Amino acid sequence: MTESGSAGACPFGGAAAGGRSAPLPGFRHIFGEPVPAERFQVDGEDPRHSPAALATLRRRLRGLATLMGARPADAAENPNLPSGYTYLLQFAAHDMVSTSMAFWAAGGGPADMAAPGIANTLGAPLRLRTLYGGGPGACPFAFVPDDARDQSRSRFRLSAYAGAPDTPASFRDIGRAATPGTLGNRGGFAGAGRGEALIADSRNDQTVLLSQVTGLFQMLHNAILGMIPAPTTLPARALREATAARFAVAQEATILVFRSVLRGDLLPRLLDPEVRALYDNPAPELLEPGAGPGMPLEASHGAFRFAHAMLRDRYQIGGFEDATLVDVLRLNSSRSPNSVPLSRDWVLRWSQFFSLPGRPAPNFSMRLGPRYTAMLLGDGLFDPIEAGDPAGVAFRDLMSASLSGMRSVASLCERVARARPVLAARSPLLADAAARRAALADWLAHDADLSLLAPEDVAALAADPPLPFYILFEAEREAAGERLGTLGSVLVAETAYGALTRERLASEGEGGLAAALDRLCAAWLGDFRLPDPPLVQDMPGLVEFVARRLDLTAAQPAFL
Amino acid sequence: MPPIDPIEPVNMTPVNYENWGKLVKTWATGEDYIQNGHKYPVPKTLDEVKRQLRAANTGLELPARIQHLQVVVGRSDTLLLRLPPPDLVKASEKRLETKDYSLPPFYNDHYGTAAPELPDKTARMKFHAQRIGDYSIANCQ
């Protein structure tokens, strides 16, 4: 039963406007445009079109978010996913979706729906647009000049950690600079702060861990670039072309390595093995081989939110034994300009985040389940959307998913079960709607004093759960939280392998990474071949390659 | 009672000081500062404290050593000397021999700068005494 009255405007158009049914720019729906009955609903109504349904939704999601928002301190770690993969995932997600406005924050009327911020502006996924932006021409601040005359830029700009000696091994932080026109703490007018992150996508400075993953890929680019001889004295046009070719090879080689790591390391750890087997081959069995451009909302605002449950409360980082996630989230140019560039203690030792041979066990991520760390409740990090809403990420994830018009869990399960009967045969949650509803209702009712969910609320959420919650619930039930369950795996695989398949690089083709790197060099550099090609299949391999090429194996503070 | 782990006081840190502060104000005044549908009477048991801490999204978890609850209602005409547990004072002193004083991060947000590192043990002990002097007598200013 929906409530009378409104508890706030719908970000996707109010009742008077009739809401918006078509996909938002840059997005699409998996399995095509859903009819109303196939979308997430609140008691049979679309919350984007009905203030009463929106009020009911808000009340229920407050309860569900409160249940999800405080993971017990003794929750189990996930030995399948060292913590570095949490931030690699965030980096990869930033390479698939970019909106300047969160869905839950989009405002009220139909005009807000057409706001440019709601569009996904990232049209070429998994090509490291999040690292390169538009390249040195469009994002010159991210690159250092090639010479004193600044005629071209090819290397990523990195910062030395605070107080570091002037050696190449000291450049371990992303580029940062003072903010012109400000005072004191942001570094303007001769202050000490560094309020500007000099990277193409400022989202990659959201945490001290993500910024260092970004820096690692910048180092990879610089290492590859360093293997290609720089052009010497040439006529202007020839110099320009030679410089562009050198940059193009370093860029595409970095993207090839990124894609190799996704295929060889990240996705195998995340996906159900039987689902992965359908996709991880030269001719992946896509459910939507002819899908158009755009990111499926069911992936970007549904399935991919699972990574928020991987966050730890505390980390071993460099010189810290128990850095809290709150510390990690605060240490960036935006929130803590006076604390960057990073101090020596915050410089990552990568063996603490990926399993490197012969090194102690890394920080592990937390097992997947419908529970987020309480650290996300921290002051000023993710404040309530409206008074009375819970702070934290869970409520925002649930609201964004519920107000995007995405396919319902029931619709997704029905479509996948029909297309993949072998998978359905081993997943009661996927194939049996009654069993799914019963299992969800059992979990949703487990602490009614805390959630304030009445039995009818529990029944409604069990029948039509928000997708981000369901994906985590399924992962816990089907895979003990070590990886995604069946539906989550299909959505992530369909999106990631779909992008890798449809958005092929010019150098990709037969023969794997080595052959692709050869083709790349041949296309741009004639007979030149990389003397030490980055034949990297996983993150430990990437870290070790960068350490070897940039002479960081024995660096202090430790790199490995 | 077993000796206190020197790092254990850290476990009494709320994640969301604003929500924790609103909960204390709700208990003190009887007005609902949180307004999320839950009731927040002055708790009579530790279980009730834990339930309210979760319902108010404070992120504050009580460490296992906490076994009892004592609620004291202050009066403006009475000097309430809120003395910290002596074992925790000693545990903090021991920790400050080697580690810096850690202020809640919300101070950085309001004052726009990170707290500087205190230079030595003497400075840390001085700051420790000043902080205890402050919060033991301060009345919700």
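Residues numbered from 1 in each chain as written. Chains lettered and ligands numbered in written order. Predicted model: local features only at pLDDT ≥ 70, side-chain atom pairs only at ≥ 80, totals over all residues.

Chain A goes by Animal haem peroxidase in an unreviewed UniProt entry, where it is assigned to Belnapia rosea.

J.: Any details on the overall build of chain B? Residues and values, ideally.
T.: On a plain count of helices and strands, chain B comes out with five helices and zero strands. Along chain B, from the amino end to the carboxyl end, the secondary structure elements read α-α-α-α-α. Of all 141 residues assigned to chain B, the portion counted as buried reaches 17%. (Helix = DSSP H or I, 4+ residues; strand = E, 2+ residues; numbered from the N terminus. Buried ≥ 20, exposed ≤ 12 C-beta atoms within 10 Å, placed from the backbone.)

J.: Talk me through the packing of helix 7 (residues 236-270) of chain A against helix 20 (residues 512-525) of chain A; I want residue IDs and the actual numbers.
T.: Each pair of packed helices can be described by the angle between their axes along with the distance between the axes. All names here are of chain A. Packing of helix 7 against helix 20 leaves a shortest axis separation of 10 Å and a crossing angle of 165°. What the angle tells us is that helix 7 and helix 20 run roughly antiparallel. Crossing handedness for the pair helix 7 and helix 20: right-handed. Of the residues in helix 20, those in contact with Ala 245, Ala 248, Val 249, Glu 252, Ala 253, Leu 256 and Ser 260 of helix 7 are Leu 513, Ala 516, Leu 517, Leu 520, Cys 521, Trp 524 and Leu 525. Looking at the contact of helix 7 with helix 20 residue by residue, the class counts come to 12 nonpolar, one polar and one charged. (Axes fitted to C-alpha atoms, helices over the stretch in contact; angles between N-to-C directions. Parallel < 35°, antiparallel > 145°, perpendicular 65-115°, else oblique. Left-handed = near helix turned anticlockwise from the far one by under 90°. Contact = placed C-beta atoms within 7 Å. Nonpolar A, V, L, I, M, F, W, Y, C, P; charged D, E, K, R; others polar.)

J.: Would you mind going over the nonpolar core in detail, with residue names and values included?
T.: All names here are of chain A. In terms of nonpolar packing, the biggest core is built from 165 residues, with Phe 306, Val 492 and Val 546 touching the most fellow members. Ranked by residue count, the leading element in this core is helix 7, at 12 residues. Not counting the four nearest positions on each side in its chain, Val 546 is found in contact with Leu 216, Met 219, Leu 220, Ala 223 and Leu 552. (Core = buried A, V, L, I, M, F, W, Y, C linked by C-beta atoms within 7 Å.)

J.: Pulling in residues and values, what's your account of helix 1 (residues 51-68) of chain A?
T.: The end-to-end C-alpha distance of helix 1 of chain A is 25 Å, a good match for the 26 Å that 18 residues give at a rise of 1.5 Å each. The buried fraction of helix 1 of chain A amounts to 15 of the 18 residues, a majority that puts the element mostly inside the structure. (Expected span 1.5 Å × (residues − 1).)

J.: Give me the lowdown on the interface of chain A and chain B, citing residues and values where you can.
T.: For an interface, size is often stated in terms of accessible area lost upon the parts coming together. The interface of chain A with chain B comprises 25 residues on the first partner and 22 residues on the second. Listed by contribution, the elements that provide at least two residues to the side of chain A that touches chain B are helix 1, helix 10 (325-330) and helix 16 (448-451) of chain A. When the residues that make up the side of chain A that touches chain B are grouped by side-chain class, the tally is 11 nonpolar, 10 polar and four charged.

J.: Now, about unusual backbone geometry: what can you tell me, with residues and values included?
T.: Most peptide bonds are trans, and most residues other than glycine sit at a negative phi. Residue and element names in this part refer to chain A. Residue Val 340 is joined to Pro 341 through a cis peptide bond whose omega torsion reads 0°. In this structure, the amide linkage connecting Gln 556 to the following residue, Pro 557, adopts the cis form with an omega of -5°. Along the chain, the position of Pro 557 falls in the segment after helix 21 (539-549). Phi is positive for Leu 128, which is not a glycine, with a value near 60°. With respect to the element layout, Leu 128 can be found in the loop between helix 3 (110-113) and helix 4 (129-132). Even without being glycine, Ala 480 reaches a positive phi, approximately 55°. Tracing the backbone shows Ala 480 in the loop between helix 18 (467-479) and helix 19 (486-502). Given 14 C-beta atoms within 10 Å, Ala 480 falls into the partly exposed group.

J.: An account of the environment of Pro72(A) is needed here, citing residue identities and associated values.
T.: Structurally, Pro72(A) can be placed in the loop between helix 1 and strand 2 (77-82). Spatially, the C-alpha atoms of Pro72(A) and Tyr372(A) are 9.2 Å apart, while their sequence positions differ by 300 residues.

J.: An account of helix 17 (residues 455-463) of chain A is requested, with residue identities and associated values reported.
T.: Residue and element names in this part refer to chain A. Of all the residues in helix 17, the buried ones are Asp 457, Val 458, Ala 460 and Leu 461. Across the axial projection of helix 17, the buried residues extend over an arc of 165°, all falling on one side. Facing away from the buried side of helix 17 by more than 90 degrees, the exposed set consists of Pro 455 and Glu 456. At its buried positions, helix 17 is contacted by helix 1 and helix 15 (433-444). (Arc of directions from axis to C-beta.)

J.: Which residues make up the confidence of the model for chain A, and what values do they have?
T.: Residues and elements named next belong to chain A. Here chain A shows a mean pLDDT of 90. Residues at 70 or above account for 92%. Below a pLDDT of 50 lies the segment residues 4-20, which in the model reaches 52 contacts outside its immediate sequence neighbourhood of four places, other chains included. Scored below 50 in pLDDT, residues 107-114 makes 16 contacts in the model with residues more than four places away or belonging to other chains. (pLDDT = per-residue confidence, 0-100.)

J.: How would you sum up the environment of Arg418(A)? Please name residues and give values.
T.: Position of Arg418(A) relative to the elements: it lies in helix 12 (residues 409-419). Between the C-alpha atoms of Arg418(A) and Ala431(A), which are 13 residues apart in sequence, the distance is 8.9 Å.

J.: Which residues make up the pairing of strand 11 (residues 320-324) of chain A, and what values go with them?
T.: Bridge analysis of strand 10 (residues 314-317) of chain A against strand 11 of chain A gives three bridges, and the strand direction is antiparallel. Following the sheet pairing, Tyr315(A) is matched in strand 11 of chain A by Ala323(A). (Pairing = 2+ DSSP bridges.)

J.: Outline the environment of Arg548(A), supporting the account with residue identities and numerical values.
T.: Residue and element names in this part refer to chain A. Residue position: Arg 548 is located in helix 21. With 13 C-beta atoms packed within 10 Å, Arg 548 lands in the partly exposed category. Separated by 325 residues in the primary sequence, Arg 548 and Ala 223 have C-alpha atoms spaced 9.3 Å apart.

J.: Tell me what's going on with the packing of helix 15 of chain A against helix 17 of chain A, and back it up with residues and numbers.
T.: Residue and element names in this part refer to chain A. Their axes nearest at 8 Å, the elements helix 15 and helix 17 cross at an angle of 135°. For the element pair helix 15 / helix 17, the angle class is oblique. As for the relative orientation of helix 15 and helix 17, their crossing is right-handed in sense. Contacts from Arg 437, Leu 440, Ala 441 and Leu 444 in helix 15 reach Val 458, Ala 459, Leu 461, Ala 462 and Ala 463 in helix 17. In terms of residue class, the contact of helix 15 with helix 17 is made up of eight nonpolar, no polar and one charged.

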